[in-house]
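Close look at the chain arrangement
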Amino acid sequence: MASTSAERPAKRVRQACEPCRRKKAKCPGEQPVCSLCARLNQQCAYAGEQRRSSTTGLPIPREAASVPPSSENRISEILEERLGSLEARMGQVLDALGQNTPRQEPRETAPRTAVMSNAVASSLLSPTIPFPTWEKVLSMAELYLTYCHSQPLPLFQKEGFLNSLGSRDPEIVYAMLALSIRFSPEESSRTGGFTSLINGYTEVARGLVMRRVSEGPIELSTLQSLCLLSLVDFANGNTHRSSIHCSLAMNLAQCANLGLESGLAQSPAAREERRRCFWSICLLKRLHGVDFDNLDFPDGCFPQFPESPSRPPPTKSSSNGMNETRSSGMQDQGILAYVIMLSEIFAKTAKYVRRHGKPSNVPPWSSQSEYSRILTALMERETQMPYSHRFKPANLSERTLEDLQERRDYWGPWLLNQFLYHTILCLLNHPLLLSLSLRNFRSTIPEIFLQHSSDLISSHTTWIIHFIDYFEERSFVVSDPFLGYSAAVVATIELQLSFTENTTIREEKRNRFYKCVSFVQNLGCKWSHMARLADRLQRLEDAVSASYELESGAQNKYLLIDLSRFWEILEYSSNSDAESARRMFGDSLYSEAPTPGAEVSQTSPLPEPFRLHTQQALAQSPTSQFNIQTPIVTADAQYPMGVGSPSYDEFSILATNFFSQAQDFLRSGDPRNGFGNL
């Protein structure tokens, strides 16, 4: 009987009551009081009739009906309208679910209906941002799996994510929409509505999450949503708020003992999702430059690494396995595990960068130095990396765009692992950072250290350029913003190397600089923060170029280059973004960065490593290159072009030193053929 009534077409209502017509709701049409008005306990009336009570069904006297509405009545009417609108939208949702859900899967309808009702109800927090249709939600979820899953965060299991979306909390749905909608060609082509949709979905998700945090209960979905919101805020340039969301997720994970697995009676899928959430929080914190150890969690224990995707099948001309002996007996923990491991070393490198090259009593070549400890940890980590996940067996040259796109779940973290490795070495050996940190050791720099750092910087910048060229050749769409940061780091180095009297080298380095900037700009079409990073690179080029005269090759020895322009690029964290801080904090809390006092910059270029294959090196003795003197500027000196007196080393460096030290790191040849790689 129930099935017969369900299949019978709805009876057409010839006339809707006034409340249903006003709210554009589907009126059942019963008279004298329709069932919808009776359920909402509101007055029901049809056109040409008196209003009737929802309880008695009797006509209401006209005198009572003509009473002017008070403020309380007006509020009640507004609430009734909003509730009626909600019921109408819920009716549309239920109708759509009834049409699109197969009859053989009745169990899926209930949870999906529940999350849809919660999502529609939460959309009342922002009436200008309507909740999309379920078909639109599923299409956005597919875009998330393509362009955001494990790029960089492995929050969810790819298998089963779409089927489980209907039972997930609405804050996850909204945060997922805010992150993935930027990859929708349809939404990207909209005029003016793209940014507002992202901001609207973000604010609804943030409101739901903060209500959970303040009122409870806090669930795993709360932490997952905080991770997604952190990515969205970082992409939008709100780096301070991104860091706050990430730190909040970390604190909640610590309080909830998310890292502990003993004593948990959970299904394997639920346990895997807990692991993914835990390691995603750790990865996010480390990419923000925050280092932590086992002491940050109870008993100092971490859960197992999340399950990694399988390796793509080898290409036809892959090696016959002879090189696999390099990793014989080594357990393969999966590509996600090695990305997480390497992120720990990147966090230490980010801390090294934040020191801004401040001199230490320990030289970098000492085994006790921060430079040596990071380099040692990187080499040890490389020995734990199976050969199967390294560059050579990947055979990228034989992979088509379809191969890469189909297995982005593997190639996404694989590329992040490669870029992390090369970026760490580029930052450790950045010519500017080394030059600033070696000011106390000018007369004792070992020749082998100069050659070592020169080789490293030349090799690993070339690797990043190689990948950028590969992406362009394959028309591969990069979606991970960290890869844009790596290109920006290389761009600062290439810019420094481009200021030389050798026109061939200058042209080559300029082309590499512009290639990096273009790569960052392309990412800026999806991530606002990358667009700002590209603008900073352009401003840095303008500032540096203003102090160099190409005609004569001479540098202005008294013109200063603002080092803060470098730090805002080299620091992949919120500390260097003053604009984000100003948007985040009010006048009672925010304060401008202190203005540095006047002090003479005493940095000087690094000596050039002695090489037999250069004619200049043959004409010089190795020891004569260490006798470069720092130019001294008196406090009464007059500075051209309206530039004030030099500031201290934290913020500025003499232009002559900047241009000179760049040439110390130049060397000919392509190092990719003879240097190791992950």
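Residues numbered from 1 in each chain as written. Predicted model: local features only at pLDDT ≥ 70, side-chain atom pairs only at ≥ 80, totals over all residues. Heavy atoms only, no water.

- The name that an unreviewed UniProt entry assigns to the chain is Zn(2)-C6 fungal-type domain-containing protein, with the source organism given as Aspergillus niger.
- One UniProt comment on the chain, placed under Subcellular location (unreviewed entry), says "Nucleus". (UniProt positions renumbered as here; feature names shortened; annotations may be inferred.)

1. A short note on the packing of helix 12 (residues 220-235) against helix 13 (residues 239-255)
- It is at 7 Å that the axes of helix 12 and helix 13 come closest, and there the two elements cross at 165 degrees. By the angle between their axes, helix 12 is roughly antiparallel relative to helix 13. Taken as a pair, helix 12 and helix 13 cross one another with a handedness that is left-handed. Within the contact between the two elements, helix 12 uses Leu223, Leu226, Leu229, Ser230, Asp233 and Phe234 and helix 13 uses Thr239, Arg241, Ser242, His245, Cys246, Leu248, Ala249, Leu252 and Ala253.
- Looking at the contact of helix 12 with helix 13 residue by residue, the classes come out as 9 nonpolar, 4 polar and 2 charged. (Axes fitted to C-alpha atoms, helices over the stretch in contact; angles between N-to-C directions. Helix = DSSP H or I, 4+ residues; strand = E, 2+ residues; numbered from the N terminus. Parallel < 35°, antiparallel > 145°, perpendicular 65-115°, else oblique. Left-handed = near helix turned anticlockwise from the far one by under 90°. Contact = heavy atoms within 4.5 Å. Nonpolar A, V, L, I, M, F, W, Y, C, P; charged D, E, K, R; others polar.)

2. Concerning the packing of helix 19 (residues 408-428) against helix 21 (residues 447-474)
- Running from amino to carboxyl end, helix 19 crosses helix 21 at an angle of 150 degrees, the nearest separation of the two axes being 8 Å. One element, helix 19, and the other, helix 21, form an angle in the roughly antiparallel class. Viewed along their axes, helix 19 and helix 21 form a crossing whose handedness is left-handed. Touching Trp414, Leu415, Gln418, Phe419, Tyr421, His422, Leu425 and Cys426 of helix 19 are Ile457, His460, Thr461, Trp463, Ile464, Phe467 and Phe471, all from helix 21.
- Residues that form the contact of helix 19 with helix 21 fall into these classes: 11 nonpolar, 4 polar and no charged.

3. Let's talk about the environment of Asn251
- Locating Asn251 in the fold gives a position in helix 13.
- Separated by 28 residues in sequence, Asn251 and Leu223 place their C-alpha atoms 9.9 Å apart.

4. Considering the packing of aromatic side chains
- With the rule as written, the count across this model stands at 32 aromatic pairs.
- A ring pair is formed by Phe391 and Trp414, whose centres lie 6.5 Å apart and whose planes are at 25 degrees; its orientation type is stacked. Placement of Phe391 in helix 17 (residues 391-394) and of Trp414 in helix 19 is noted, with a sequence separation of 23 residues between them.
- Plain terms: the ring middles of Trp414 and Phe467 are 6.3 Å apart, the flat faces sit at 75 degrees to each other, and that makes the pair edge-to-face. Remark: Phe467 occurs in helix 21 and Trp414 occurs in helix 19; sequence separation between them is 53 residues.
- Taking the relative accessible area as the measure of exposure, Phe467 reaches 0% and is therefore buried.
- Among the aromatic residues, those joined into a ring-pair cluster are Phe391, Tyr410, Trp411, Trp414, Phe419, Trp463, Phe467, Tyr470, Phe471, Phe476 and Phe519. (Phe/Tyr/Trp six-rings, centres within 6.5 Å; stacked < 30°, edge-to-face > 60°. Buried < 20%, exposed > 50% of the residue type's maximum accessible area, 1.4 Å probe, protein only.)

5. Some points on the pattern of salt bridges
- Inspection of the entire model under this criterion finds 17 salt bridges.
- In this structure, Glu203 engages Arg241 in a salt bridge whose closest nitrogen and oxygen atoms are separated by 4.0 Å. With Glu203 in helix 11 (residues 193-215) and Arg241 in helix 13, this residue pair connects regions lying 38 residues apart in the sequence.
- The partner of Glu568 in a salt bridge is Arg539, and the shortest N-O contact between them spans 3.9 Å. Within this pair, whereas Glu568 is found in helix 25 (residues 564-570), its partner Arg539 is found in helix 24 (residues 528-545), the two being separated by 29 residues in sequence.
- For Glu568, a relative accessible area of 17% gives the class buried. (Salt bridge = Lys/Arg side-chain N within 4 Å of Asp/Glu carboxyl O.)

6. A short note on the UniProt feature "domain: Zn(2)-C6 fungal-type" (unreviewed entry) in the chain
- Mapped onto this numbering, the UniProt entry annotates "domain: Zn(2)-C6 fungal-type" (unreviewed entry) at residues 16-46.
- Taken end to end, residues 16-46 has its terminal C-alpha atoms 7 Å apart, with 39% of it in helix and 0% in strand.

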